[in-house]
Amino acid sequence: MSRRSTLEEKPFVYVPVSRQEPDRKEFISHEVQKNLTGKIDFDLEVVSDYLFVGSGGYDFRGNKVFYSFFQSKGKITIPGTSIKGSIRATAEAISNSCISQNKSGENTFITSTHKKCKSENKLCPVCRIFGMTGYGGRISFSDAHPLTNISPSPPVKIGELFQPRRIERDENGKGKRKFYSNWRSNQELDRNYRFVEAVSKGTHFKFIFSFNNLLEEELSLILHAMGVDQDYRIKIGGAKPRCFGTVRFTALGGSLYKNPIENPTKISEESIKDFMKNKKLINPELLKSLSEQLRPKEDKTCPKGGY
């Protein structure tokens with residue numbers, strides 16, 4: 001690795017793992033409707049210079065071979081699973097929940113109480129909402145489709161990517177969650193790079209968030225994890241370490257269904273703010289740590305070197 005790359009500041013930030021034991025309870029049934037069921041339409045705006053969601057394949061244009069953007073029915077699309085995964089990771093980070101995604105080598109950084117849930121009778125807040133093996137979650141995200149037709153972008157140059165760790169060790173030897181800063185991307189690369197097909201800053205997508213039998217505090221946790229009406233932004237898609245993927249979620253309104261017979265009631269912008277006042281599942285210290293570190297920073301640029 002070059003001396004330059006070792007000296008450059010890396011676009012990583014860390015949120016401590018909650019010191020409290022996850023509040024594990026029995027799962028909530030899908031069958032009996034006692035709580036909030038409905039859907040909310042969302043606008044997804046690309047805030048970073050670029051956003052990339054890989055198709056897993058290659059394409060070529062002119063003399064460049066590049067990683068192609070995911071498509072559905074021949075149109076650029078962001079899969080709902082990509083949105084859901086990023087929101088889940090953020091929801092875990094701001095609540096007293098387990099660490100559901102980690103490699104075997106990272107288990108030494110995690111206290112036994114924070115290892116992923118294994119029983120549907122003992123689920124942390126996020127596993128009760130998003131689900132786990134053997135228990136389907138109570139929320140879903142549709143695929144996000146662009147508001148206007150998007151022509152394929154010229155292939156964008158990014159530095160090589162290396163498999164990241166989700167969990168690192170802090171100065172006290174305890175685990176901490178790793179996120180990626182909202183900096184500007186860097187095209188001034190002279191070696192160790194690849195090309196990807198990306199969409200540009202300012203592109204808008206639309207998707208639907210559906211929920212079934214959620215408690216008010218659970219809906220609030222998800223909305224906070226999305227950064228709705230907050231000053232921080234989360235990332236989705238690929239090339240996050242190269243400062244791609246920062247997005248803004250804006251709720252456009254929706255509907256609540258009390259039962260199959262009654263007409264749905266509308267969800268307004270004000271009612272969404274009211275839901276978010278319920279912070280029963282949110283750890284205020286963790287939320288503060290994440291929000292301070294995930295605010296966009298236009299004055300910082302991704303490193304040129306490898307990391």
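Preceding this section is the structure that the text describes.
Summary of the structure given here. Predicted model, so just to flag it, every value in this text is computed and none were measured. (Residues numbered from 1 in each chain as written. Predicted model: local features only at pLDDT ≥ 70, side-chain atom pairs only at ≥ 80, totals over all residues. Heavy atoms only, no water.)

## Concerning the overall build of the protein chain
(1) Moving on: Helices and strands together make up the secondary structure of the protein chain, namely six helices and 20 strands.
(2) Moving on: Looking at the protein chain as a whole, 50% of its 307 residues qualify as buried.
(3) Moving on: Partitioning the contacts of the protein chain with sequence separation of at least 6, the portion at a separation of at least 24 is 81%.
(4) Moving on: In the structure as shown, the protein chain presents an accessible area of about 15,600 Å², 48% of it carried by carbon and sulfur atoms. (Helix = DSSP H or I, 4+ residues; strand = E, 2+ residues; numbered from the N terminus. Buried < 20%, exposed > 50% of the residue type's maximum accessible area, 1.4 Å probe, protein only. Contact = heavy atoms within 4.5 Å. Areas by Shrake-Rupley, 256 points an atom, 1.4 Å probe, with all protein chains shown as cover.)

## Comments concerning the state of the cysteines
(1) Moving on: Applying the stated criterion to the full structure yields one disulfide.
(2) Moving on: Across a sulfur-sulfur distance of 1.8 Å, Cys243 and Cys302 are joined as a disulfide pair. Because the sign of the S-S torsion sets the handedness, a value of about 90 degrees for the bond joining Cys243 and Cys302 places this disulfide among the right-handed ones. Of this pair, Cys243 sits in the loop between β18 (234-235) and β19 (246-256) while Cys302 sits in the segment after α6 (284-293), and the two are 59 residues apart along the sequence.
(3) Moving on: On the accessibility criterion, Cys243 (0% relative accessible area) is buried.
(4) Moving on: Using a relative accessible area of 3% as the deciding quantity, one classes Cys302 as buried.
(5) Moving on: Just so you know, Cys98 is unpaired, no disulfide at all, and the nearest cysteine sulfur is the one on Cys124, 3.7 Å from it.
(6) Moving on: Among the residues examined, Cys98 registers a relative accessible area of 0% and is labelled buried.
(7) Moving on: Its sulfur unpaired, Cys127 is 3.7 Å from the next cysteine sulfur, which belongs to Cys98.
(8) Moving on: Its relative accessible area of 2% is what places Cys127 among the buried residues. (Disulfide = S-S within 2.5 Å.)

## Examining the pairing of strand β17 (residues 204-214)
(1) Moving on: In terms of strand pairing, strand β2 (residues 36-46) meets β17 through nine bridges, oriented antiparallel. Looking at β17, one finds that Lys39 is bridged to Ser210.
(2) Moving on: Relative to β17, strand β10 (residues 139-141) is paired through three bridges, and the arrangement is antiparallel. Its bridge partner lying in β17, Ile139 is registered against Phe211. (Pairing = 2+ DSSP bridges.)

## Comments concerning the packing of helix α2 (residues 80-93) against helix α4 (residues 216-226)
(1) Moving on: Interaxial distance between α2 and α4 falls to 8 Å at its minimum, and their mutual angle equals 110 degrees. Considering their axes alone, α2 and α4 lie roughly perpendicular with respect to each other. Listed contacts from α4 to Ile87, Thr90 and Ala91 of α2 are Leu221, Ile222, Ala225 and Met226.
(2) Moving on: Of the residues assigned to the contact of α2 with α4, the class counts are six nonpolar, one polar and no charged. (Axes fitted to C-alpha atoms, helices over the stretch in contact; angles between N-to-C directions. Parallel < 35°, antiparallel > 145°, perpendicular 65-115°, else oblique. Nonpolar A, V, L, I, M, F, W, Y, C, P; charged D, E, K, R; others polar.)

## Re the packing of aromatic side chains
(1) Moving on: For the structure on display, the rule yields ten aromatic pairs.
(2) Moving on: Between Phe27 and Tyr135 the ring centres are 5.2 Å apart and the planes differ by 50 degrees, which places this aromatic pair in the tilted class. Of this pair, Phe27 sits in the loop between β1 (12-16) and β2 while Tyr135 sits in strand β9 (residues 135-136), placing them 108 residues apart in sequence.
(3) Moving on: The exposure class of Phe27 is partly exposed, given its relative accessible area of 28%.
(4) Moving on: Owing to a relative accessible area of 6%, Tyr135 belongs among the buried residues under this scheme.
(5) Moving on: The structure contains a cluster of three or more aromatic residues connected by ring pairs, namely Phe42, Phe141, Phe207, Phe209, Phe211 and Phe249.
(6) Moving on: Above the ring of Tyr14, the side-chain terminus of Lys176 is found at 4.3 Å from the ring centroid.
(7) Moving on: Sitting over the face of the ring of Phe12, Lys178 holds its NZ or CZ atom 3.9 Å from the ring centroid. (Phe/Tyr/Trp six-rings, centres within 6.5 Å; stacked < 30°, edge-to-face > 60°. Lys NZ or Arg CZ within 6 Å of the ring centre and 35° of its normal.)

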